[in-house]
Amino acid sequence: AAKCSLTGQWKNDLGSNMTISAISEKGIFLGAYLTSVSATNKTILTSPLIGYQQLNGSSTFGFTVKWSFTSSITVFTGQCFIDETGQPTLQTAWLLRSESGDIKDNWSQTRVGYNIFHKLPSKRS
Ligand code: BTN
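About the criteria used
Residues numbered from 1 in each chain as written. Predicted model: local features only at pLDDT ≥ 70, side-chain atom pairs only at ≥ 80, totals over all residues. Heavy atoms only, no water. Pairing = 2+ DSSP bridges. Helix = DSSP H or I, 4+ residues; strand = E, 2+ residues; numbered from the N terminus. Near = heavy atom within 4 Å. Polar contact = N/O pair within 3.5 Å; in protein donor to acceptor, adjacent residues only side chain to side chain. Areas by Shrake-Rupley, 256 points an atom, 1.4 Å probe, with all protein chains shown as cover. Nonpolar A, V, L, I, M, F, W, Y, C, P; charged D, E, K, R; others polar. Buried < 20%, exposed > 50% of the residue type's maximum accessible area, 1.4 Å probe, protein only. Contact = heavy atoms within 4.5 Å. Patch = residues over 30% accessible without salt bridge, like charges linked within 9 Å, V, L, I, M, F, W, Y side chains within 5 Å. Salt bridge = Lys/Arg side-chain N within 4 Å of Asp/Glu carboxyl O. Axes fitted to C-alpha atoms, helices over the stretch in contact; angles between N-to-C directions.

Visitor: Looking at this structure, how should I read the pairing of strand β2 (residues 17-23)?
Guide: Taken residue by residue, a regular strand's side chains alternate between the two faces of the sheet. Across four bridges, the pairing between strand β1 (residues 8-12) and β2 is antiparallel. When the sheet's bridge partners are listed, Lys-11 is paired in β2 with Asn-17. Where β1 folds back onto β2 in an antiparallel hairpin, the turn is made up of four residues, including Gly-15, whose phi is positive at roughly 95°. Of the strand pairs in this sheet, β2 and strand β3 (residues 28-34) are connected by five bridges, and their pairing is antiparallel. Paired with Thr-19 across the two strands is Ala-32, which belongs to β3. Linking β2 to β3, which pair antiparallel, is a turn of four residues; within it Gly-27 sits at a positive phi near 95°.

Visitor: What exactly am I supposed to notice about the site of the ligand here?
Guide: With respect to spatial proximity, 17 residues lie near the ligand, and among them Ser-16, Tyr-33, Ser-38, Ala-39 and Ser-72 are the closest. Ser-38 is positioned such that a nitrogen or oxygen atom in its side chain is 2.7 Å from an oxygen atom of the ligand. Here the ligand has 410 Å² of accessible area as a free molecule, and 97% of this is covered by the chains. Of the residues belonging to the shell around the ligand, the class tally is eight nonpolar, nine polar and no charged.

Visitor: I tried to follow the environment of Ser-38 on my own but got confused; where do I start?
Guide: Within the fold, Ser-38 resides in the loop between β3 and β4 (47-53). Given a relative accessible area of 31%, Ser-38 falls into the partly exposed group. Each C-alpha atom of the pair Ser-38 and Asn-115 lies 14 Å from the other, and the pair is 77 residues apart in sequence. With near-sequence residues (within four places) excluded, Ser-38 lies in contact with Ile-44 and Phe-69. There is a polar contact of 2.8 Å between the side chain of Ser-38 and the side chain of Thr-40.

Visitor: How should a nonpolar patch on the surface be read in this particular structure?
Guide: On the surface, Ile-28, Leu-30, Ile-50 and Tyr-52 cluster together into a nonpolar patch covering about 390 Å² of accessible area. Contributions of two or more residues to the nonpolar patch are made by β3 and β4. By secondary structure assignment, the location of Ile-50 is in strand β4. With relative accessibility at 47%, the residue Ile-50 sits in the partly exposed group.

Visitor: Which parts of the structure should I look at to understand the sheet that holds strand β7 (residues 88-97)?
Guide: The pairing of strands in a sheet happens through backbone hydrogen bonds and is either parallel or antiparallel. A barrel is described by the order of its strands in space; here eight strands give the closed sequence β1-β2-β3-β4-β5-β6-β7-β8, paired in antiparallel fashion. The mean inter-strand angle of the sheet, taken between neighbouring strand axes irrespective of direction, is 30°. Of the strand pairs in this sheet, β7 and strand β8 (residues 110-119) are connected by nine bridges, and their pairing is antiparallel. If you follow Leu-95 over to β8, its bridge partner there is Val-112.

Visitor: Would you mind going over the pairing of β8 with me for this structure?
Guide: As judged from the three bridges shared by β1 and β8, these two strands associate in the antiparallel manner. Looking at β8, one finds that Trp-10 is bridged to Lys-119.

Purely spatial values, then, with no claim about function.
If you want it as structure tokens, here you go:
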């Protein structure tokens, strides 16, 4: 498959923005996530993420976003592709866990979905 680097700036189909920094030699990466939407009414803040990428030419990855403006957590899994137009694309699935104050409400606290991310052009220096 064509080479596909996670490092850089991405925007998804909801309009959320994500920046992924360099990938370590062990496949660990850090980043920042600015969601365009929230299940809460709180003011949205840029939130940290940490992930793992498979190495040796693989393009599968997973990361966790620890929302800094609320108590929920989202995990994403995905794969990086070069699409038919030559653009780097992330195909992902996610689980959003919201916190409930009562175990009786546990059943309703996990949302699931999919997001597609496209890479933003990197600025020349
Ligand atoms: C929350 O509302 O509890 C925190 C923000 C959750 C945003 C979700 S994560 C999955 C989906 N993809 C996005 O880019 N934003 C939403």
